[in-house]
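The residues making up each chain are set out below.
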Amino acid sequence: MELRYLRYFVAVARERHFTKAAKALGISQPPLSQQIKRLEEEVGTPLFRRLTRGVELTEAGEAFYEDACKILAMSDAALEKARGIARGLNGSLSIGITSSDAFHPKIFTLIRQYQVQNMAVRVHQVEANMSSLMTMLAEGELDIAFVRLPCESSKAFELKILDREPMVVALHRDHPLAESGSLALEQLQDTPVVLFPQEVAPGLYDRVYGCCERAGIDVRHALQSSQLSSSLSMVSAGGGFALVPQSMAAISQPNVTCHALSAPELYTDIAICWRRFERSRTVKRFLAMMSEA
């Protein structure tokens with residue numbers, strides 16, 4: 001059964017008159033009557049009673065009308081949904097972030113702005129370490145991912161740097177240097193360093209490790225945290241000092257003070273990654289909005 005039969009039937013049912021329905025549909029009355037007749041033949045029973053002035057629905061027509069309206073509504077919704085997805089206005093968007101990204105205000109400002117502008121798109125956020133995010137992005141489990149550079153595996157994707165963020169020193173408030181302004185890493189040679197696992201962010205780990213090693217810090221006996229963010233908890237518990245992105249200084253941790261590095265050689269870039277030759281209009285719409293922002 002063709003959808004146009006249903007549209008013709010519904011128009012006649014609503015107008016209760018063939019001529020008025022034909023005018024509303026923008027066609028002439030004889031072809032409309034022929035189409036309704038064919039529909040009734042296909043259904044196998046009259047759907048209208050022909051009256052002197054118009055028509056009325058039969059009992060079968062009443063039941064058929066309810067279902068026809070539902071079918072047309074579903075058809076229109078499916079059509080609009082498909083068109084919306086093609087324009088990037090509908091569908092879903094999976095976004096990956098690292099635990100340390102969660103403290104950078106620009107990332108969630110972008111995500112929130114996108115959600116407000118694209119209410120019909122379901123946004124799903126996944127938090128994981130960078131190695132996992134890159135794997136999920138490559139396998140299509142994520143559409144885009146926010147990462148911290150350097151990240152060797154990110155070179156397999158398109159990426160755009162959003163911000164360059166200096167690393168800062170986190171100290172326990174009872175540390176002798178806690179009242180200082182900026183610090184040099186060499187001043188911390190007698191303080192244990194807290195490092196996050198290398199697999200969490202291999203490139204950033206190597207950069208932090210190398211800077212500490214050149215400053216004469218004993219990295220071979222470094223304390224280990226489970227994540228970059230959890231290193232602050234270890235410092236709060238008296239575990240030494242940690243190097244964290246500046247935005248993480250906003251975390252309210254008791255007993256922790258944060259200090260800029262006097263030689264700001266240590267930094268991390270916030271970037272967004274997506275697959276090369278990406279065809280999703282939803283992804284392209286997010287990237288376009290990000291570029292405008």
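You'll find the structure just up there.
Conventions used here
Residues numbered from 1 in each chain as written. Predicted model: local features only at pLDDT ≥ 70, side-chain atom pairs only at ≥ 80, totals over all residues. Heavy atoms only, no water. Helix = DSSP H or I, 4+ residues; strand = E, 2+ residues; numbered from the N terminus. Rg over C-alpha atoms; globule rule 2.2 N^0.38 Å. Buried < 20%, exposed > 50% of the residue type's maximum accessible area, 1.4 Å probe, protein only. Patch = residues over 30% accessible without salt bridge, like charges linked within 9 Å, V, L, I, M, F, W, Y side chains within 5 Å. Areas by Shrake-Rupley, 256 points an atom, 1.4 Å probe, with all protein chains shown as cover. Salt bridge = Lys/Arg side-chain N within 4 Å of Asp/Glu carboxyl O. Lys, Arg positive; Asp, Glu negative; His and termini not counted. Charge placed at Lys NZ, Arg CZ, Asp CG, Glu CD. Core = buried A, V, L, I, M, F, W, Y, C linked by side-chain atoms within 4.5 Å. Contact = heavy atoms within 4.5 Å. Phe/Tyr/Trp six-rings, centres within 6.5 Å; stacked < 30°, edge-to-face > 60°. Expected span 1.5 Å × (residues − 1).

This next bit is on the overall build of the chain. The secondary structure content of the chain amounts to nine helices and 11 strands. Radius of gyration (C-alpha) of the chain: 32 Å, far over the 19 Å computed for a compact globule of 293 residues. Taking the principal axes of the C-alpha coordinates as reference, the chain spans close to 105 × 35 × 30 Å. Buried positions account for 45% of the 293 residues belonging to the chain.

What follows concerns a positive patch on the surface. Residues Arg279, Arg281, Lys284 and Arg285 make up a contiguous surface patch of positive charge. As for its position among the elements, lysine 284 is in helix H9 (residues 281–292).

Residues Met134, Val147, Val169, Leu185, Val208, Phe241 and Leu243 are the most contacted members of the largest nonpolar core, which totals 48 residues. Put simply, the parts of the chain that give this core at least two residues each are helix H6 (130–138), strand E5 (144–149), strand E6 (158–172), strand E7 (193–195), helix H7 (202–214), helix H8 (231–236), strand E9 (241–245) and strand E11 (267–274). Beyond its immediate sequence surroundings of up to four residues, leucine 185 is in contact with Cys211, Cys212, Ala215, Ile217, Phe241, Leu243 and Leu261. The next biggest cluster of nonpolar side chains, apart from the first, holds 21 residues, and it includes Tyr5, Leu6, Ala11 and Leu57.

Attention now moves to the packing of aromatic side chains. One pass over the structure, following the stated rule, counts eight aromatic pairs. Between phenylalanine 9 and phenylalanine 48, the ring centres sit 5.3 Å apart and the planes meet at 50°, which makes this aromatic pair tilted. Here phenylalanine 9, found in helix H1 (residues 3–15), pairs with phenylalanine 48, found in strand E1 (residues 48–51); they are 39 residues apart in sequence, far enough to count as distant. Here phenylalanine 9 matches phenylalanine 48 in class, with each residue buried. Site record: aromatic cluster; members linked through ring pairs are Phe9, Phe18, Phe48, Phe64 and Tyr65.

The subject of this paragraph is H7. Its 13 residues give H7 an end-to-end C-alpha distance of 18 Å, which sits within 8% of 18 Å, the value for a rise of 1.5 Å per residue. Along H7, the residues that are buried comprise Gly203, Leu204, Tyr205, Val208, Gly210, Cys211 and Cys212. In this structure, the buried residues of H7 make contact with E5, E6, E7, E9 and E11. After H7 finishes, the residue glycine 216 shows a positive phi value of roughly 85°.

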